[in-house]
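Structural characterization, general
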Amino acid sequence: MTPHHDRLLQGLRIVDIGHVLAGPFVGSLLGDLGAEVIKVELPELARPGHQSGSPTRALEYRNKKSITLDLRKPEGQALVRRLVSVSDAIVENYSPGTMERWGLGFEDLMQVNGRIIMVRVSGYGQTGPYRERTSYDRIGQAFGGMLYVTGEPDRPPAHPGYMLGDYLSGMFGALAVLTAVYHRDHL
C-alpha cells in the first residue's frame, strides 16, 4: 500500500515561530505532507479578532497545532527550548537578532538539541550590510528588480498583486528543511 501524501512526513516535528506569510508558509507546506507542526504565536497576535477568519490566517494555520507564548519572557523562552528539544526543525522570520535577544538563536538552540535544523527567513539575510533593514514582499520585489519589469512603460511600477516573494521564500524554506533532514539523517 502506498502512503497517502498527507502522511509522507509523519514523525517529523516542526516548531513554527514565523509570522506573516513567508515563515508560516514553510510550516504549512510541511504540514500538508504530514509533519507535525506546532505554531507558536505571540500573545498580541493570538488575541480574538486578529485576522480571525482571514484567508491569510487560514493559510498560516492549516495542518498545525497552535500555542501562545510570550517569547520576550523567560517562561515562554523555556517552553520553546523544551519544544525544540524534541523537534527536528524550527522556522522563524523575525528581524535578524530578535531570536538571539530572546536567547533562542541557533547557537542557543543547538545546546538544547544538537540535531535541530533552523530555517530563518528575512528580507536581506542574517548578515551583511542590509540585515537591519525591514522588508516585506513588496519591498523585496522592488529591491530585486521585479517591480521594474511590471506594469506599463509610461506609469509607475505595478505590484503583481500576489505575494510571490513570500510564497517562494516559504517554498524554498520547506525544501531546505527536507534537504537538511535528509543530509542529517542519511549522509
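Note that the coordinates shown come from a computational prediction; the quantities given were computed from them, not determined experimentally.

1. Remarks on the sheet that holds strand β3 (residues 65-68)
- Read from one edge to the other, the open sheet built from five strands follows the order β3-β2-β1-β4-β5, with strand pairing classed as parallel. With partners counted over all chains shown, the strands left at the sheet margins are β3 and β5 (117-120), one partner each. Across this sheet, the average inter-strand angle for adjacent strands is 20 degrees, counted without regard to direction.
- Relative to strand β2 (residues 36-41), strand β1 (residues 13-16) runs parallel, the two sharing four bridges. Within β2, the residue paired with Asp-16 across the bridge is Lys-39.

2. Quick word on helix α4 (residues 74-85)
- Spanning 12 residues, α4 covers 16 Å between terminal C-alpha atoms, matching the ideal 16 Å at 1.5 Å per step.
- On the buried face of α4, the contacting elements are β1, β2, β3, β4 (89-92) and α6 (106-112).

The rules behind these values
Residues numbered from 1 in each chain as written. Predicted model: local features only at pLDDT ≥ 70, side-chain atom pairs only at ≥ 80, totals over all residues. Heavy atoms only, no water. Pairing = 2+ DSSP bridges. Helix = DSSP H or I, 4+ residues; strand = E, 2+ residues; numbered from the N terminus. Axes fitted to C-alpha atoms, helices over the stretch in contact; angles between N-to-C directions. Expected span 1.5 Å × (residues − 1). Contact = heavy atoms within 4.5 Å.

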